[in-house]
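Structural overview
In case you want the letters, here they are:
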Number of protein chains: 2
Amino acid sequence: MSLAYYYDLMSQPSRALYIILKMSGVQFEDCPVALRKGAHLTEDFKTNINRFQKVPCINDGGFKLAESVAILRYLSAKGKIPEHLYPKNVVEQARVDEFLEWQHITLRITCALYFRAKWLDPMLTGKKPSEDKLASLKTHMETNLAIVENLWLESTDFLCGNQMTVADIFAACEIEQPRMADYDVRAHYPKIRAWLQRVREACGPHYDYAHQFVYKICGSEPTN
Amino acid sequence: MSLAYYYDLMSQPSRALYIILKMSGVQFEDCPVALRKGAHLTEDFKTNINRFQKVPCINDGGFKLAESVAILRYLSAKGKIPEHLYPKNVVEQARVDEFLEWQHITLRITCALYFRAKWLDPMLTGKKPSEDKLASLKTHMETNLAIVENLWLESTDFLCGNQMTVADIFAACEIEQPRMADYDVRAHYPKIRAWLQRVREACGPHYDYAHQFVYKICGSEPTN
């Protein structure tokens, strides 16, 4: 049986895993899930696809698995992810894992909450957030963007060394999100700007393909 | 050179990793860090211990690593964590990883934010949160506790099957936190109550040792 990949390119980790699967040459059954239409909220989705009703998730010959980072590790353990993207060396892998664990309640949540409050919720509900709330969310996001700029990118071309790994792909997909909410990360953080260009180039055509809807909402591709 | 473990037993992932190290028989240099005294905020800590200025973290013969889950995986790769706690079988490990990735922006953040708003911030600043804010944080926390009760513990004794793994230890340490803020998880969720007792028993004396300050603040051990 084949590997089925359920995703929505509007979801940051869905995009990251999509790029990783494509770069790794993993064959998969393409299963887009339209979150905006609530396709993940049905009983059928809950019972047959993912009990947590989120994307991304996979079904690998009957084995259902959620959580992008867990999926990445599972596919790596099955020999499907090239070592340059997710190292097998214990110390190098630990450094990538450190980023993958760090990002959840720092970079990921703060970029996502800013995007949601500034763009998604007003579009869905017609209500604008208070200026205070938005300012607070922006501060939290910028705190973590500054950590990427000043610590993760302190002295290397990529987050975990001088080669691109999955850490960079996950991070870039999170950092592209607030651009849809008119926050230009590239204008504020020069190291992030140069790094995003390196990641985009290293991902080949898959980066732009995965971000096609992001670019559409932004009105343009990033200028680099 | 030995393994140095930096931790504070008031930190949930510090407690989890402490219990896991003890249950695994890992020898380590004991390096408690008093967060309440700002011991992690010094330049020395940032330069020499953890650039992110958080606990837990390790220094393994010169290799500095942060993020509890990354540390667990690193020690497992080095053969220091028994297989029953963190499985080597690809499918079983993926199920544990699924929980470890799921918990960050669901269970962990919502229990932590409720604890912080209800107990920690008022203690530090003298200011109480608004009733609206507290109600909202409680709802978010209960949404995720209900997922533990109804999905993760749907049909098994532990989160990832009928044997305790590191997933249970990480989860229990998060779920003990709001008890300090007068939220009695055990009274609301019968499956979680019974599961917490199983985890506590399976961890031997290390569970109660790691939670000694939590129990002190709560005024008692949990009644089970």
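Residues numbered from 1 in each chain as written. Chains lettered and ligands numbered in written order. Predicted model: local features only at pLDDT ≥ 70, side-chain atom pairs only at ≥ 80, totals over all residues. Heavy atoms only, no water.

Spelled out, the test is: UniProt positions are given in the numbering used here, feature names are shortened, and annotations may be inferred rather than shown by experiment.
In the annotation of an unreviewed UniProt entry, chain A is listed under the name glutathione transferase and assigned to Stomoxys calcitrans. According to UniProt, the comment filed for chain A under the heading Catalytic activity (unreviewed entry) is "RX + glutathione = an S-substituted glutathione + a halide anion + H(+)". As stated in UniProt under Sequence similarities (unreviewed entry), the record for chain A gives "Belongs to the GST superfamily. Theta family."

Considerations on the interface of chain B and chain A
How big an interface is tends to be stated in terms of the accessible area lost upon association of its parts. Put simply, the rule is: In what follows, a contact means two residues having at least one pair of non-hydrogen atoms within 4.5 Å. By buried area we mean the combined loss of accessible area, with a 1.4 Å probe, across both parts when two parts are placed together. Only one rule defines a salt bridge in this text: a Lys or Arg side-chain nitrogen within 4 Å of an Asp or Glu carboxyl oxygen. Helix numbers and strand numbers start at the N terminus; a helix is a DSSP run of H or I with at least 4 residues, a strand a run of E with at least 2. Gly falls in the polar group here, along with every residue not listed as nonpolar (Ala, Val, Leu, Ile, Met, Phe, Trp, Tyr, Cys, Pro) or charged (Asp, Glu, Lys, Arg).
Counting residues at the interface gives 32 residues for chain B, matched by 34 residues for chain A. Summing both partners gives a buried area of about 3000 Å² for chain B against chain A, and 66% of it is carried by carbon and sulfur. A per-residue breakdown of the area chain B buries against chain A is headed by Arg51(B), Glu101(B) and Ile105(B), which together make up 20% of the total. At the junction of chain B and chain A, the tally comes to 4 salt bridges. Measuring nitrogen to oxygen at the nearest pair gives 3.7 Å for the salt bridge that ties Glu98(A) to Arg51(B). Contributing elements (two or more residues each) for the side of chain B that touches chain A: strand S4 (63–66), helix H3 (68–77), helix H4 (90–102), helix H5 (104–125) and helix H6 (131–152) of chain B. Examining the composition of the side of chain B that touches chain A, we find that 9 residues originate from one element, H4(B), more than from any other. Residues of the side of chain B that touches chain A, tallied by class, amount to 18 nonpolar, 2 polar and 12 charged.

Focus: unusual backbone geometry
Residues and elements named next belong to chain A. Along the chain, Val55 connects to Pro56 via a cis peptide bond; the corresponding omega equals 0°. Among the secondary structure elements, Pro56 is positioned in the loop between helix H2 (43–48) and strand S3 (57–60). Look at Glu67: it is not a glycine, yet its phi comes out positive at around 75°. Its location among the elements puts Glu67 in the loop between strand S4 (63–66) and helix H3 (68–77).

A short note on the pattern of salt bridges
Filter applied, for reference: The buried label goes to any residue with under 20% of its type's maximum accessible area, the exposed label to any with over 50%, and the partly exposed label to all in between, with areas taken from a 1.4 Å probe on protein chains only.
If you walk through the whole model with that rule in mind, you get 23 salt bridges over all chains. We note a salt bridge from Arg95(A) to Glu98(A), for which the minimum N-O separation is 2.9 Å. Here the residue Arg95(A) and the residue Glu98(A) both occupy positions in helix H4 (residues 90–102), the gap between them amounting to 3 residues, near one helical turn. Classification of Glu98(A) as buried rests on a relative accessible area of 2%. We note a salt bridge from Glu67(B) to Lys54(B), for which the minimum N-O separation is 3.6 Å. Here Glu67(B) is found in the loop between S4 and H3, whereas its partner Lys54(B) is found in the loop between helix H2 (43–48) and strand S3 (57–60), with 13 residues between them in sequence. By relative accessible area, Lys54(B) is classed as partly exposed at 34%. Via salt bridges that share partners, Arg73(A), Asp97(A), Glu101(A), Arg73(B), Asp97(B) and Glu101(B) belong to a single interconnected network.

Side note on the UniProt feature "domain: GST C-terminal" (unreviewed entry) in chain A
Using the residue numbers shown here, the UniProt feature "domain: GST C-terminal" (unreviewed entry) corresponds to residues 89–224 of chain A. The span residues 89–224 of chain A carries 72% helix and 0% strand; its end-to-end C-alpha distance comes to 32 Å.

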